[in-house]
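Now for the letters of each chain:
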Amino acid sequence: MSRRIRLGMVGGGEGSFIGAAHRVAARLDDEYELVAAALSSDAARAQSSGAKLHLAPQRCYENYAAMAQAEGARSDGIDVVAIVTPNHLHVPVARAFLEQGIHVICDKPLGISVAEVEDLRRQVQSSGLMLMVTHTYSAYPMVRHARALVQQGAIGDVRVVQVEYAQDWLSEPLELTGQKQAAWRSNPALAGPAGALGDIGTHAFHLAEFVTGLRTEAVCAGLSTFVPGRTLDDDVQVMLRFQGGARGMLWASQVAVGNSNRLQLRVYGSQGGLHFDHAKQDQLLFSKLGAAEQTIYRGSTAANSSAAAATRLPCGHPEGYFEAFANLYREFAASWRQYQLGSSQTGNYPDIADGCRGVAFIDSTLKSSASGGHWVAL
Ligand SMILES: NC(=O)c1ccc[n+]([C@@H]2O[C@H](COP(=O)([O-])OP(=O)(O)OC[C@H]3O[C@@H](n4cnc5c(N)ncnc54)[C@H](O)[C@@H]3O)[C@@H](O)[C@H]2O)c1
C-alpha cells in the first residue's frame, strides 16, 4: 500500500523564512508528512518551533547530527530530509543524512566551495540516493513552457540570453540592525564567499541554463559592494559565453531600489524570442520572427503540455511561488516512488549536477572579478 513520504527538516524554525515554504510545498499534493526536525541551532527554540508544527517532542532534535543518527536507526525513520539552514551547513548536513541512507532536498546554493560540493557529488553517486536543489523558479508553468519551446526549435538557434534578478532589500546595511536573514547573508563564514551572487545570482544562472538547455562555457564578471562596511558583494554583472556561440548577460543585485524580487529572462534565437517576468509569472511573451508578439497565459489552451503538467488551477485563478515550490516537491516524490520500485531514474527537478554547477558558477565568477574581468572557464 502506498504511504506518505516521511519528511524531516533541518532549519526552518520560528522566525525563519524558507522552511515554511518547503512545508507548504510538501503538503500541497498530499505526498509528504513532516515527522521529525532539528529546526534551530538553539535547542529551546528547536523544541518550541517543533511544538508549533505539532511534531512529537521526541522527534524534535537538538542538532542535526543527533537527528540523522536517531532517524537512521528507526524502522519508521524519515525517508527524506529538507535542509533549509544558512549555506555553510548545507553540505555537512546533507552528508550526515546520506550516510544514514536518507534522501536529501537542499536549498541553494548547494555549498560554499567547489571542493565540498564535489565531495558531496561523489557521496550521492556512490550511495545511489537522490538529492534535489530547490531552484524554485525553474518550476513555474510558463518557465516550463519556455523551455519546451526552445527544445522544439520554436525560436531557432539561441543567440542572446539576458537574465536578471534584482532586489532592493539590502540597499542599506540591514545586517547591522540584527535582521536575521540579512545578518547571515552578509557573513562569509555562514553565507560562503558570495553575497548577491550566491543568494540570487545562482537562481538566475540556473534559470538561463534550464530554459535554453545550453551550458555556460565561460564568464567575465565584475562584483561590487556598494554598501559601506559590507564584506560580500551586493551587485554582480556577468557576461556569459554559452556552448554553440550564444552570448548572455546576467545581473543580480540586492541594491536595485524599486525591485522586490524582479527575476526576468529574455532569450532571443534566429527565429523568435521569449520573455518571462516573475512579476507576471502567469504569462510568457513569445515573438516569432516577422509576426506580432503573443502573450501565452498559464492554464489557457495556448499553454503547452509542459506548462499544463505544472499547473493546478484554471486560467485566471492566481498561482505562484508556493505552487512552483510544490511542483519540485511533487516531482521529487514521483522519483522517490520510482526509486522504491528499483528505478534510479532522476526526475525533472534540479539535482546534484545542477547544485554543483551553481557553485562552479560562483567560483568562476569570483575568479573573473578578482582578475579584473578576464574570461574564466566554468
Ligand atoms: N529557493 C529559494 O527560492 C530560497 C529563498 C530563500 C532562501 N533560500 C535558501 O534557504 C536557506 C535558508 O534561508 P532563510 O532565508 O530561510 O534563512 P533564515 O535565517 O530565515 O532561516 C535559517 C534557519 O536555519 C536555522 N539554523 C541555523 N543553524 C542551524 C543548525 N545548526 N541546526 C538547525 N537549524 C539551524 C535557523 O535557526 C533558522 O531557523 C539559505 O540557504 C538560502 O539561500 C532559498
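Just above, that's the structure.
Below, the structure is looked at part by part.

## Topic: the layout of surface pockets
One simple way to see leftover space: roll a probe sized like a water molecule over the atoms.
Then, number 1: By volume, the largest pocket is sized at about 1000 Å³.
Then, number 2: Lining the largest pocket are 46 residues; nearest its centre among them are Phe17, Ile18, Gln181, Trp184 and Arg185.
Then, number 3: At the level of secondary structure, the elements contributing two or more residues to the lining of the largest pocket comprise β1 (5–11), α1 (18–28), α7 (180–185), α9 (196–212) and α11 (321–340).
Then, number 4: Broken down by element, the lining of the largest pocket gets its largest block of residues, 4 residues, from α7.
Then, number 5: For the lining of the largest pocket, the class distribution of residues is 16 nonpolar, 22 polar and 8 charged.
Then, number 6: Of the volumes computed, that of the second largest pocket is approximately 400 Å³.
Then, number 7: Together, 24 residues line the second largest pocket, and His206, Glu209, Arg215, Asp354 and Arg357 are the ones closest to its centre.
Then, number 8: Those elements that place two or more of their residues in the lining of the second largest pocket are α5 (114–127), α9 and α12 (352–370).
Then, number 9: Grouping the amino acids of the lining of the second largest pocket by side-chain chemistry returns 9 nonpolar, 7 polar and 8 charged.

## With respect to empty space enclosed by the protein
Then, number 1: Under the definition given, this model contains 2 cavities of 30 Å³ or more.
Then, number 2: Reported here for the largest cavity is a volume of approximately 60 Å³.
Then, number 3: Lining of the largest cavity is provided by Leu170, Arg185, Ser186, Gly195, Ala196, Arg230, Leu232, Asp233, Asp234 and Gln254.
Then, number 4: When grouped by side-chain class, the residues that make up the lining of the largest cavity number 3 nonpolar, 3 polar and 4 charged.
Then, number 5: As a volume, the second largest cavity reaches approximately 40 Å³.
Then, number 6: Surrounding the second largest cavity, Asn87, Pro109, Trp184, Arg185, Ala191, Ala194, Gly195, Gly198 and Asp199 form its lining.
Then, number 7: For the lining of the second largest cavity, the elements supplying multiple residues, two or more each, are α7 and α9.
Then, number 8: For the lining of the second largest cavity, a count of residues per class yields 4 nonpolar, 3 polar and 2 charged.

The rules behind each value
- Here, residues in each chain are numbered from 1, in the same order as that chain's written sequence.
- Residues qualify for local features only when their pLDDT is at least 70, as the model is predicted, and side-chain atom pairs are given and counted only at 80 or more; totals for whole chains, interfaces and linings, by contrast, use all residues.
- Based on all heavy atoms of the structure, the side-chain values leave hydrogens and waters out of the count.
- A cavity here means a set of 1 Å grid points, computed over protein atoms only, where a 1.4 Å probe fits but cannot escape. A pocket is an open set with protein on both sides within 12 Å along at least 5 of 7 lines, and lining residues have an atom within 4 Å of a point.
- Grid points are joined across faces, edges and corners, and a volume is the space filled by probe spheres set on the points.
- Segments assigned H or I by DSSP are reported as helices when at least four residues long, segments assigned E as strands when at least two residues long, and all are numbered from the N terminus.
- Each residue receives one of three labels: charged for Asp, Glu, Lys and Arg, nonpolar for Ala, Val, Leu, Ile, Met, Phe, Trp, Tyr, Cys and Pro, and polar for the others, Gly being one of them.

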